[in-house]
Amino acid sequence: MANTAQSATAGHGAEGSRRDFLYLTAGAFGAVGAALTLWPFIDSMNPAADTLALSTIEVDISPIAEGQRITVSWRGQPVFIDHRTAAQIKEAREVNIDELRDPQSDQSRVQKPEWLILVGICTHLGCVPLGQKATDPKGDFGGWFCPCHGSQYDTSGRIRRGPAPRNLPVPAYTFLNDKTVRIG
Amino acid sequence: MATSSSSKFFSHPVVKWIEYRLPIFSFVDHSLGSQYPAPKNLSYWWNFGSLAGAMLSIMILSGIFLAMNYTPHAAMAFDSVERIMRDVNYGWLMRYIHMNGGSFFFIAVYIHLLRGFYYGSYKYPREVLWWLGVIILLLMMATAFMGYVLPWGQMSFWGATVITNLFSAIPLVGDSIVTLLWGGFAVDNPTLNRFFSLHYLLPFVIVGVVVAHIWALHIHGSNNPLGIDTKGPQDKIPFHPYYTVKDAFGLAVFLLIYAGFVFFAPNFFGEPDNYIQANPLSTPPHIVPEWYFLPYYAILRSIPDKLLGVIAMFSSILILFVLPWLDTSRVRSGRFRPVFRWFFALFVLDAFALGAVGAHPPEGWWLVVGRVATFWYFFHFIIIMPLLGWFERPLPLPASISEPVLGGARPAGAAVRSMEKN
Amino acid sequence: MRKLALTLAASAALVALSLAAPVRAEDEIKLPSPGWSFKGPFGTYDRAALQRGFQVYKEVCSACHSLNYVHYRDLGPAGPDGGIGFSEEEVKAIAAGVQVTDGPNDNGDMFERPGRPYDKFKAPFANANAARASNNGALPPDLSLIVKAREGFEDYVYGILTGFADPPADMKMMDGMNYNKYFPGHQIAMPPPLTDDRVTYADGTKATVAQEAHDVVTFLSWASEPTLEMRKRIGMKSMIFLLVLSGLLYAVKRKVWRDVH
């Protein structure tokens, strides 16, 4: 009995290698099948169609007057869209970049100078800075003021004072035409 | 009986390091592997235990991923299931796997149970093994019942209402029990929420009972189609590779049939009414449970009294616990019991008849057939099984599994008596 | 083997017998079946029929029936298998053609805005009570799952749409009800929605009642089961895979067991 069991699994010579090939093929098929079956389960954890549908939003920017700012929701986060005045643009570009905590030129943060688009989450600990409404405090640099721990951003959304380490992030966006921008 | 390939495995230094600290590999080898001996004559009817185990794993896996997207609130449950079907990547696949998996789990378990009936697997010394199996069946029924409520369709809601209302038949405390179950004055959000919690919990309780079930099995080993004890190593073969390979083949065929339903007839076992959101103000014209509950539903409705109907329904499963004693035959396997085989076939026919009755309203001929079939169900267990044992003349049993030739046969009684002494 | 075959045959017969009897004794009516491109293991949705059906839904049915589980994006490239075949631009245009309620705005008010692809199909009524009030107390059901939610599925819905007729002489119709051959009880609150040339098809197909019914039922079948084509495609591959795997494992089993047999 032990012998038959032994010869059933051990390979001996040509007969054995043909036997092993069959076992190998069946085993490989089974393993591939298991992997192919597992993939849909893992993929189900990826963003679903309704989440992906909101991964980009198109915003009509034609009603935003010069000097006006609006907030839109994108991927669950607030996005600031600022229609800058010429004065604000000039102010942003006259800053000495070497003095910035997070050195970035204003030109590198905008596609069209009059449209500043930022993710409105303070890079310190995640509060939403004030400055979107006309009545909001904007801090000393004309940009945004975070009430949680006092970070202040300038008219390019760069950190100037306070504990935040980085500038307000710029999301990926595209101007579809003069009136519409697609964020994301 | 170690093979050359497994002794190579066990001499590997990494394996030895782990084995010294936790002998997990030799444990598996002894319980399922090349060191676990099984009768060499097991037929394909012995595949259904491992198939049931495979279905349990599939149900747990698909259930966990469904739960990542399901919302157990009455106002959002139906919508969340539709979101799974439409928006979640492969959500439709997981839903259909889980939905049809329930049916295939019961198919495997019912065949596994009928195998036990026919071959006397519940008899000495496997009574506790049988009890653990019946407990698994009861837990499966509770899990399936609660699971069906979760999509919050019309059948979900009204099936839950009808079945929970049954408990009001209990004298004195019935209504309080029903209120406790509901968490309110009708099936509503509290009921749904607790059913979700319990539906997630019970499968893991089932896993625990399955471990005990397999442990009990391994004490005396599997029964076999001849129903006689193994006499020595000549009657046995190692579980690995013989039955691992046979189980793998059986699993592939079972999955093929299962896939046929999941991909090409996913709503075959279902009810269209469950694609309508639950409406407490509108009862569907025909409330039907899932197919695997139909025989018990038929038994319930065949008895005009509410409390007696409930008792009959539960008794139809509880009676399985005493089957080892109701069956007085000294011979295990139906293969050597020529009269029993006819009654077994009749029993299976009776079960299908009860299932058909359960799908129809209890009127006219259906009610008559239902009552006859219910009577016969209990008559089979309570009267037929004991009488058969006493009066049936079994065929002569073979001497052993390895020598099935009748020349070496001993009288059936003597064989069984010596069997019981082991 | 023979015993196994006999047992399987007997079980199959038993199962067939228990399923054969109709569930509802009174529904002896045979449903009409014009044939559907999506039935069978290789079935697919006819994109042209889907788009015509969508037109029928939009111009006829959407006046009373919502389609709450379908989003505008499902019609186009973001939908399963490209939806009903519209381009992203067409989807945006269809969505923008309706006004949806959004809000609250900074003043706390709800406001109207043009639809976007990620919006659900706009419902004709704000809620069930409003729907009933506009329809003599009857509630036009949501159509997102109607094909899966009725015994007879697409044949049944097709039957309802084409089954309006004059009631037989001995039938007393209740107030405001219409006679329908296939509706259980034969009295349906919905008046016949389709007539010849009720819509003018963009692709020039002749719009008979039968054609309109076929197209809208195809669209509604898609709405009930948008992932059907994906399911059958993956299913075919899975079944072939499992067939090959079963064959391989059988060969392995026979090899391993050769000594014991």
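What you see is a predicted model, and the numbers here were worked out from it, not measured in a lab.

Let's talk about the state of the cysteines
Argument step 1. Enumeration over the complete set of coordinates arrives at one disulfide over all chains.
Argument step 2. Across the disulfide from Cys-127 of chain A sits Cys-148 of chain A; the S-S distance is 2.1 Å. One quick way to see it: the torsion about the S-S bond of Cys-127 of chain A and Cys-148 of chain A is about -100°, and its sign makes the bridge left-handed. Note that Cys-127 of chain A is positioned in the loop between strand 4 (115-119) and strand 5 (142-145) and Cys-148 of chain A in the loop between strand 5 and strand 6 (152-154), a separation of 21 residues in sequence.
Argument step 3. Classification of Cys-148 of chain A by relative accessible area gives partly exposed; the value is 38%.
Argument step 4. Unpaired in terms of disulfides, Cys-122 of chain A finds its nearest cysteine sulfur in Cys-146 of chain A, a separation of 3.9 Å.
Argument step 5. Counting only cysteine sulfurs, Cys-61 of chain C is the nearest neighbor of Cys-64 of chain C, a cysteine outside any disulfide, at a range of 9.1 Å.

Notes on the packing of helix 2 (residues 47-59) of chain C against helix 6 (residues 209-224) of chain C
Residue and element names in this part refer to chain C.
Argument step 1. Axis separation between helix 2 and helix 6 bottoms out at 7 Å; the angle between their running directions is 100°. Overall, the two elements helix 2 and helix 6 adopt an arrangement that is roughly perpendicular. Mapping the contact onto sequence places Ala-49, Leu-50, Arg-52, Gly-53, Phe-54, Val-56 and Tyr-57 in helix 2 and Gln-211, Glu-212, His-214, Asp-215, Val-216, Thr-218, Phe-219 and Trp-222 in helix 6.
Argument step 2. Its residues assigned to classes, the contact of helix 2 with helix 6 shows eight nonpolar, four polar and three charged.

Here's the deal with the confidence of the model for chain A
Residue and element names in this part refer to chain A.
Argument step 1. Taken over all residues, the pLDDT of chain A has a mean of 89, while the share at 70 or more is 91%.
Argument step 2. Ranking the elements of chain A by mean pLDDT puts helix 1 (residues 2-9) last with 43 and strand 4 first with 96.
Argument step 3. Note on residues 1-11: pLDDT is under 50 here. Beyond four places in sequence and across chains, it has 27 contacts.

Re the side chain of Ser-333 of chain B
All names here are of chain B.
Argument step 1. Mapping Ser-333 onto the fold places it in the loop between helix 14 (323-326) and helix 15 (338-358).
Argument step 2. For Ser-333, a relative accessible area of 0% puts it in the buried group.
Argument step 3. A distance of 2.7 Å separates a polar side-chain atom of Ser-333 from the backbone oxygen of Pro-225.
Argument step 4. With near-sequence residues (within four places) excluded, Ser-333 lies in contact with Tyr-118, Tyr-119, Pro-225, Leu-226 and Gly-227.

Concerning the pattern of salt bridges
Argument step 1. Per the counting criterion, the structure on display carries 29 salt bridges over all chains.
Argument step 2. In this structure, Arg-337 of chain B and Asp-327 of chain B form a salt bridge, with 3.4 Å as the shortest nitrogen-oxygen distance. Linking Arg-337 of chain B in the loop between helix 14 and helix 15 with Asp-327 of chain B in the loop between helix 14 and helix 15, this pair joins segments that are 10 residues apart in sequence.
Argument step 3. Looking at Arg-337 of chain B, the relative accessible area reads 0%, which means it is buried.
Argument step 4. A salt bridge links Arg-113 of chain C to Asp-102 of chain C; the nearest nitrogen and oxygen atoms lie 2.8 Å apart. Of this pair, Arg-113 of chain C sits in strand 2 (residues 111-114) while Asp-102 of chain C sits in strand 1 (residues 99-102), placing them 11 residues apart in sequence.
Argument step 5. Overall, Asp-102 of chain C belongs to the partly exposed group, its relative accessible area being 29%.
Argument step 6. By sharing partners, the salt bridges in this structure join Glu-58 and Arg-182 of chain A together with Glu-89 and Lys-92 of chain C into a single network.

Things to note about the nonpolar core
Nonpolar side chains tend to gather and get buried jointly when the protein is soluble and globular.
Argument step 1. The biggest cluster of nonpolar side chains holds 133 residues, and the ones touching the most others in it are Phe-117, Leu-137, Trp-152, Leu-320 and Phe-381 of chain B.
Argument step 2. Viewed by domain, this core spans two of them, domain 1 (39-287) and domain 2 (289-391) of chain B, each represented by three or more residues.
Argument step 3. Those residues in contact with Phe-117 of chain B that lie beyond four places of it in its chain are Tyr-122, Trp-130, Leu-320, Leu-323, Phe-340, Phe-344, Phe-347 and Phe-381 of chain B.
Argument step 4. Ranked by size, the runner-up nonpolar core spans 42 residues in total, among them Tyr-45, Phe-164, Val-199 and Ala-207 of chain C.

Some thoughts on the interface of chain B and chain C
Argument step 1. Taken together, the contact between chain B and chain C spans 48 residues of the former and 49 residues of the latter.
Argument step 2. Interface area lost by chain B to chain C is led by Arg-86, Phe-263 and Phe-264 of chain B, which between them contribute 18%.
Argument step 3. Here chain B is connected to chain C by one salt bridge.
Argument step 4. Asp-87 of chain B is paired through a salt bridge with Arg-73 of chain C; the nearest N and O atoms lie 3.1 Å apart.
Argument step 5. For the pair chain B and chain C, the number of links is eight residue pairs in polar contact (both at pLDDT 80 or more).
Argument step 6. Of all elements in the fold, only helix 5 (77-86), helix 6 (91-119), helix 11 (239-264) and helix 15 of chain B reach the threshold of two or more residues within the side of chain B that touches chain C.
Argument step 7. For the side of chain B that touches chain C, the element with the highest residue contribution is helix 11 of chain B, accounting for 16 residues.

Focus on empty space enclosed by the protein
Residue and element names in this part refer to chain B.
Argument step 1. Going through the model one piece at a time under the given rule, you end up with six cavities of 30 Å³ or more.
Argument step 2. Lining the largest cavity are 43 residues, and of these Met-59, His-98, Met-99, Gly-147 and His-199 sit closest to its centre.
Argument step 3. For the lining of the largest cavity, the elements supplying multiple residues, two or more each, are helix 4 (48-67), helix 5, helix 6, helix 7 (127-149) and helix 10 (189-220).
Argument step 4. Sort the elements by how many residues they give to the lining of the largest cavity and helix 6 lands first, with eight residues.

So, a nonpolar patch on the surface
Argument step 1. Taken together, the side chains of Leu-22, Ile-24, Phe-27, Val-28 and Leu-32 of chain B define a hydrophobic patch exposed on the protein surface, amounting to about 470 Å² of accessible area.
Argument step 2. By relative accessible area, Leu-22 of chain B is classed as exposed at 54%.

Let's talk about the sheet that holds strand 4 of chain A
Residues and elements named next belong to chain A.
Argument step 1. The sheet built from three strands is open, its strands ordered 2-3-4 with antiparallel pairing. Each edge of the open sheet is held by one strand with a lone partner, namely strand 2 (69-74) and strand 4. Looking at each pair of strands side by side, their axes are set apart by 20° on average, direction ignored.
Argument step 2. The pairing of strand 3 (residues 77-83) with strand 4 spans five bridges and is antiparallel. Bridged to Ile-81 within strand 4 is Ile-117.

Looking at the domain arrangement of chain B
Residue and element names in this part refer to chain B.
Argument step 1. Domain boundaries assigned for chain B yield domain 1 (39-287) and domain 2 (289-391).
Argument step 2. Each of domain 1 and domain 2 has a C-alpha centre, and these two points are 21 Å apart.
Argument step 3. Each partner contributes to the interface: domain 1 provides 45 residues, whereas domain 2 provides 35 residues.
Argument step 4. In total, domain 1 and domain 2 occlude about 3,500 Å² of area from one another, counting both sides; carbon and sulfur atoms represent 69% of this.
Argument step 5. The largest contributions to the domain 1 side of the interface with domain 2 come from Phe-117, Tyr-118 and Lys-123, which together make up 19% of the buried area.
Argument step 6. The interface formed by domain 1 and domain 2 includes two salt bridges.
Argument step 7. Among the ionic pairs, Asp-229 bridges to Arg-332, the shortest N-O distance being 3.1 Å.
Argument step 8. Put simply, the parts of the chain that give the side of domain 1 that touches domain 2 at least two residues each are helix 6, helix 7 and helix 8 (154-165).
Argument step 9. For the side of domain 1 that touches domain 2, the per-class residue count stands at 32 nonpolar, nine polar and four charged.

With respect to the layout of surface pockets
Argument step 1. Put simply, the second largest pocket is a space of about 1,300 Å³.
Argument step 2. Looking at the lining of the second largest pocket, the elements with two or more residues in it are helix 2 (13-43) of chain A, helix 4, helix 6 and helix 11 of chain B together with helix 7 (228-257) of chain C.
Argument step 3. No other element matches the 10 residues that helix 2 of chain A contributes to the lining of the second largest pocket.
Argument step 4. Residue classes in the lining of the second largest pocket are distributed as 27 nonpolar, seven polar and two charged.

The rules we used
- Residues numbered from 1 in each chain as written.
- Chains lettered and ligands numbered in written order.
- Predicted model: local features only at pLDDT ≥ 70, side-chain atom pairs only at ≥ 80, totals over all residues.
- Heavy atoms only, no water.
- Disulfide = S-S within 2.5 Å.
- Helix = DSSP H or I, 4+ residues; strand = E, 2+ residues; numbered from the N terminus.
- Buried < 20%, exposed > 50% of the residue type's maximum accessible area, 1.4 Å probe, protein only.
- Axes fitted to C-alpha atoms, helices over the stretch in contact; angles between N-to-C directions.
- Parallel < 35°, antiparallel > 145°, perpendicular 65-115°, else oblique.
- Contact = heavy atoms within 4.5 Å.
- Nonpolar A, V, L, I, M, F, W, Y, C, P; charged D, E, K, R; others polar.
- pLDDT = per-residue confidence, 0-100.
- Polar contact = N/O pair within 3.5 Å; in protein donor to acceptor, adjacent residues only side chain to side chain.
- Salt bridge = Lys/Arg side-chain N within 4 Å of Asp/Glu carboxyl O.
- Core = buried A, V, L, I, M, F, W, Y, C linked by side-chain atoms within 4.5 Å.
- Domains from an automatic or database assignment.
- Buried area = accessible area lost by both parts, 1.4 Å probe.
- 1 Å grid on protein atoms, 1.4 Å probe; cavity = no way out; pocket = protein on both sides within 12 Å on 5 of 7 lines; lining within 4 Å.
- Points joined across faces, edges and corners; volume = space filled by probe spheres on them.
- Patch = residues over 30% accessible without salt bridge, like charges linked within 9 Å, V, L, I, M, F, W, Y side chains within 5 Å.
- Areas by Shrake-Rupley, 256 points an atom, 1.4 Å probe, with all protein chains shown as cover.
- Pairing = 2+ DSSP bridges.

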